[in-house]
Amino acid sequence: MKYELIAFDWDGTLLDSAGAIVRAIQASCCDLGLPPPDDATARHVIGLGLADALRHAVPALPPEQTQAMVERYRFHYLSGDHALTLFPGVEAMLGRLQAAGHTLSIATGKSRQGLERALDHSGLRRFFSASRCADECHSKPHPQMLEELMAEFGVAPASTVMIGDTSHDLQMAANAGVDALAVTYGAHPHGHLREYAPAACLHSVAELDRWLAAHA
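Per chain, the residues get numbers from 1 upward, laid out in the order the sequence is written. Since the coordinates come from a predicted model, pLDDT governs what is reported: local features require at least 70, and pairs of side-chain atoms require 80 or more to be given and counted, while whole-chain, interface and lining totals use all residues. To get the side-chain values, take all heavy atoms of the structure and skip hydrogens and water.

### Regarding the overall build of the chain
Phase 1: Put simply, DSSP H or I for four residues or longer makes a helix, DSSP E for two residues or longer makes a strand, and each gets a number counted from the N terminus. For the chain, the count of helices and strands is ten helices and six strands.
Phase 2: Note that the radius of gyration is over C-alpha atoms, with the globule rule given as 2.2 Å times the number of residues to the power 0.38. Over its C-alpha atoms the chain spans a radius of gyration of 17 Å, differing by no more than 12% from the 17 Å that the globule rule assigns to 216 residues.
Phase 3: Each principal axis of the C-alpha atoms in the chain carries an extent, and together these give about 55 × 30 × 30 Å.
Phase 4: Relative to its full complement of 216 residues, the chain shows a buried share of 52%.
Phase 5: Residue contacts are defined here by distance: any two heavy atoms, one from each residue, within 4.5 Å place the two residues in contact. Expressed as a percentage of contacts within the chain between residues at least 6 apart in sequence, the contacts between residues at least 24 apart total 64%.
Phase 6: Areas reported here follow the Shrake-Rupley algorithm with a probe of radius 1.4 Å; residue values treat only the protein chains shown as occluding. About 9,200 Å² of surface is accessible on the chain, with carbon and sulfur atoms providing 52% of the total. With a 1.4 Å probe rolled over the protein chains alone, any residue whose accessible area is under 20% of its type maximum counts as buried; one over 50% counts as exposed, and the rest are partly exposed.

Written out as C-alpha cells, the structure reads:
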C-alpha cells in the first residue's frame, strides 16, 4: 500500500456543489448591494475558508459587512443544499478504498457545522476516520489540516495523498510535502490544475477510482 492515508476535499471533489456555491456568493452580493463576481472568479475561491473566500471573490466587500455577507451566503447555500448530490461513483469508490485498508479523511474549506450537515445528508460519514475544517485550522493552502491528520494517525507524508479539485488543495499538499491528485470535474479547470504538477489529473470519479486501484 503506497498511500496509507487518503485525504479528500469535499465540495467539487465528492459533492457536486460548485455551482451552488457560486450562485450563493452572487446572490449574497445582490442582497448587500455589492457587484457580484463572475462565475470564474467565484469558482476560483471555492475551497478556501468562507470569510477568506468572500473577501477574495468580492474585493469591494467592506470589512464591517463581512459577517453579514457570511450570513447571507449561508442562507442561500443552505436553502438548497439538501438537493445537492454526490458525483456518480463516489460511494462505491470510498467503500472499495476502505475495504482495502486505507484510512480515509476529509480536509475541507467547509465549517465544522457545514461538514457535519453534509456528512449526514450524504450518508458518507461511515467511511471517514477523521476530518479537518477551515474554522478549526488555517485555511488552505496552509498545510495544517494535512499535518494534523498525519499526526493523528502516525502516517508519514510519503504515505499520504491529497485529492481535490482546486489549486488550493494542490498547494496545501505541496506545503505539507505530500502527493496530490487533481480532479477536473469540480471548481478549477484542467489547465489551471496542471500548473501545480499533481501526480495525475483525473476527469471523473471512475478515472480517479481506477487510478487509486492501480497506484494507491
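### So, the nonpolar core
The nonpolar side chains of a soluble globular protein tend to be buried with one another.
Phase 1: By nonpolar core is meant a set of buried Ala, Val, Leu, Ile, Met, Phe, Trp, Tyr and Cys residues that side-chain atoms within 4.5 Å join together. Counting residues in each nonpolar core, the largest one holds 54 residues, and the members touching the most others are Phe8, Trp10, Phe128 and Leu208.
Phase 2: In terms of residues, this core owes the most to one element, helix H1 (residues 18–31), which gives seven residues.
Phase 3: Residues Ala107, Leu149, Met150 and Val155 belong to the second largest nonpolar core, which totals 21 residues.

### Overview of the sheet that holds strand S6 (residues 200–202)
Phase 1: Strands sit in the order S3-S2-S1-S4-S5-S6 across an open sheet of six strands; the sheet is parallel. Each edge of the open sheet carries a strand with a single partner, namely strand S3 (130–132) and S6. When the angles between neighbouring strand axes are averaged without regard to direction, this sheet yields 25 degrees. Pairing between two strands is assigned when DSSP locates at least 2 bridges connecting them. Note on geometry: axes are C-alpha line fits, over the in-contact stretch for helices, and angles between N-to-C directions span 0 to 180 degrees.

### Looking at the layout of surface pockets
Phase 1: Its volume calculated, the largest pocket comes out at about 800 Å³.
Phase 2: A pocket, in this scheme, is an open set of points on a 1 Å grid over the protein atoms alone with protein on both sides within 12 Å along at least 5 of 7 lines, while a cavity is a set where a 1.4 Å probe fits but cannot get out; residues line either one if an atom lies within 4 Å of a point. If you trace the largest pocket, you find 42 residues lining it, with Tyr73, Gly109, Lys110, Ser111 and Gly114 closest to the centre.
Phase 3: Of all the secondary structure elements, the ones that give two or more residues to the lining of the largest pocket are H1, helix H3 (50–57), helix H4 (66–78) and helix H6 (112–122).
Phase 4: Top contributing element to the lining of the largest pocket by residue count: H4, with seven residues.
Phase 5: Across the lining of the largest pocket, the residue classes tally to 18 nonpolar, 14 polar and ten charged. Grid points are joined across faces, edges and corners, and a volume is the space filled by probe spheres set on the points. Three classes are used, and their members are as follows: Ala, Val, Leu, Ile, Met, Phe, Trp, Tyr, Cys and Pro are nonpolar, Asp, Glu, Lys and Arg are charged, and the others, Gly among them, are polar.

### Topic: the packing of aromatic side chains
Phase 1: Think of it this way: a Phe, Tyr or Trp ring, Trp meaning its six-membered ring, pairs with another when their centres are within 6.5 Å, and the plane angle makes it stacked under 30 degrees, edge-to-face over 60, tilted otherwise. This model, assessed by the stated rule, comprises three aromatic pairs.
Phase 2: Here the aromatic rings of Tyr73 and Tyr77 are separated by 5.9 Å at their centres, their planes lie at 10 degrees, and the arrangement is stacked. Taken together, the positions of Tyr73 and Tyr77, both in helix H4 and four residues apart, correspond to about one turn of that helix.
Phase 3: A residue is classified by how much of its surface remains accessible, and Tyr77, at 8% relative accessible area, is buried.

### A few points about the packing of H3 against H4
Phase 1: Direction vectors running N to C along H3 and H4 enclose 105 degrees, while the axes themselves pass 10 Å from each other. The angle between H3 and H4 falls in the class roughly perpendicular. Residue-level contacts link Leu50, Ala51, Leu54 and Arg55 of H3 to Thr66, Met69, Val70, Tyr73 and Arg74 of H4. Relative orientations are named as follows: roughly parallel for angles under 35 degrees, roughly antiparallel for angles over 145 degrees, roughly perpendicular for angles from 65 to 115 degrees, and oblique for any other angle.

### Digging into the side chain of Thr166
Phase 1: Looking at the secondary structure, you find Thr166 in the loop between strand S4 (160–164) and helix H8 (167–176).
Phase 2: At 3.0 Å, the side chain of Thr166 and the side chain of Asp169 are in polar contact.
Phase 3: Leaving out residues up to four positions away in the same chain, Thr166 has contacts with Ile46, Ala187, His188 and Leu193. Between N or O atoms, a polar contact is any pair within 3.5 Å; within protein, one atom must be a potential hydrogen donor and the other a potential acceptor, and residues adjacent in sequence are included only when both atoms are from side chains.

### Focus on unusual backbone geometry
Phase 1: The step from Lys140 to Pro141 runs through a cis peptide bond, and the omega angle for that step is 10 degrees.
Phase 2: Here Pro141 lies in the loop between S3 and helix H7 (144–153).
Phase 3: Residue Ala197 is not a glycine yet carries a positive backbone phi of 55 degrees.
Phase 4: Tracing the backbone shows Ala197 in the loop between helix H9 (190–194) and S6.

### Comments concerning the state of the cysteines
Phase 1: Criterion for a disulfide: a pair of cysteine sulfur atoms at a distance within 2.5 Å. Overall, the coordinates contain zero disulfides when judged by the stated rule.
Phase 2: With no disulfide partner, Cys133 has as its closest neighbouring cysteine sulfur the one in Cys137, 8.0 Å distant.

### So, H8
Phase 1: Of all ten residues in H8, seven are buried; the element is thus mostly enclosed.
Phase 2: For H8, the full list of buried residues reads Ser167, His168, Asp169, Leu170, Met172, Ala173 and Ala176.
Phase 3: Check the buried side of H8 and you find it contacts helix H2 (39–44), strand S2 (103–107), H7, S4, strand S5 (179–183) and H9.

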